[in-house]
Amino acid sequence: MKTKNSQNAYNEETARHYISDNKPIINVSSDVETQYNWIDGKRTDEVTGYKLFFSQVGVNPFAVKFEKKPILPPFLFEVKLDKLEAIEIRSNVYFRSEGLRVIK
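## Some points on the pattern of salt bridges
- A full pass over the atoms with the stated rule returns seven salt bridges.
- Here Glu85 ties to Lys83 by a salt bridge, and the two come within 3.6 Å at their closest N and O atoms.
- Owing to a relative accessible area of 11%, Glu85 belongs among the buried residues under this scheme.
- In this structure, the salt-bridge partner of Arg96 is Glu85, at a minimum N-O distance of 2.8 Å. You can see Arg96 sitting in strand E7 (residues 92-97) and its partner Glu85 sitting in strand E6 (residues 85-89), a full 11 residues away along the chain.
- On the accessibility criterion, Arg96 (37% relative accessible area) is partly exposed.
- The structure contains a network of salt bridges with shared partners spanning Lys83, Glu85, Arg96 and Glu98.

And the structure:
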């Protein structure tokens with residue numbers, strides 16, 4: 001079964017469909033991954049974003065893209081993602097966020 005893409009833009013409603021606000025989100029990244037622009041199959045030096053991986057009970061680990069380089073939270077610490085949005089493209093879901101905060 002494929003997801004039905006009802007909107008062609010990132011939005012918070014799509015993110016809430018996959019990630020619960022009531023369960024903790026745990027950082028499972030040990031490094032901030034830098035994403036680069038590619039032209040004609042070759043990587044350029046232009047940075048397009050940064051990626052970290054997170055997990056939540058009942059959800060496989062998922063990647064979240066950040067426009068600005070986030071501060072890497074300690075491994076397996078609970079975080080709060082600011083303005084988490086998602087987009088469904090074909091049968092894949094992609095997430096982005098404006099930032100994150102470590103929850104004590």
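Text resumes after the structure shown.
## Some details on the pairing of strand E5 (residues 78-82)
- Here E5 shows a clear split, with Val79 and Leu81 buried on one side and none of Glu78, Lys80 and Asp82 buried on the other.
- For strand E1 (residues 25-27) and E5, the ladder comprises two bridges, and the chain directions are antiparallel. Bridge assignment links Ile26 to a residue of E5, and that residue is Glu78.

## Description of the packing of aromatic side chains
- For the structure shown, the criterion picks out two aromatic pairs.
- Geometrically, the ring pair formed by Phe54 and Phe62 is tilted, given 6.3 Å between the ring centres and 40° between the ring planes.
- The class of Phe54 is buried, set by a relative accessible area of 0%.
- Here the aromatic rings of Phe62 and Phe95 are separated by 5.2 Å at their centres, their planes lie at 50°, and the arrangement is tilted. In this pair, Phe62 sits in strand E4 (residues 59-66) while Phe95 sits in strand E7, placing the two residues 33 residues apart along the sequence. Like Phe95, Phe62 is buried.

Criteria and thresholds
- Residues numbered from 1 in each chain as written.
- Predicted model: local features only at pLDDT ≥ 70, side-chain atom pairs only at ≥ 80, totals over all residues.
- Heavy atoms only, no water.
- Salt bridge = Lys/Arg side-chain N within 4 Å of Asp/Glu carboxyl O.
- Buried < 20%, exposed > 50% of the residue type's maximum accessible area, 1.4 Å probe, protein only.
- Helix = DSSP H or I, 4+ residues; strand = E, 2+ residues; numbered from the N terminus.
- Pairing = 2+ DSSP bridges.
- Phe/Tyr/Trp six-rings, centres within 6.5 Å; stacked < 30°, edge-to-face > 60°.

So, to be careful, I would describe these as geometric facts and stop short of saying anything about function.
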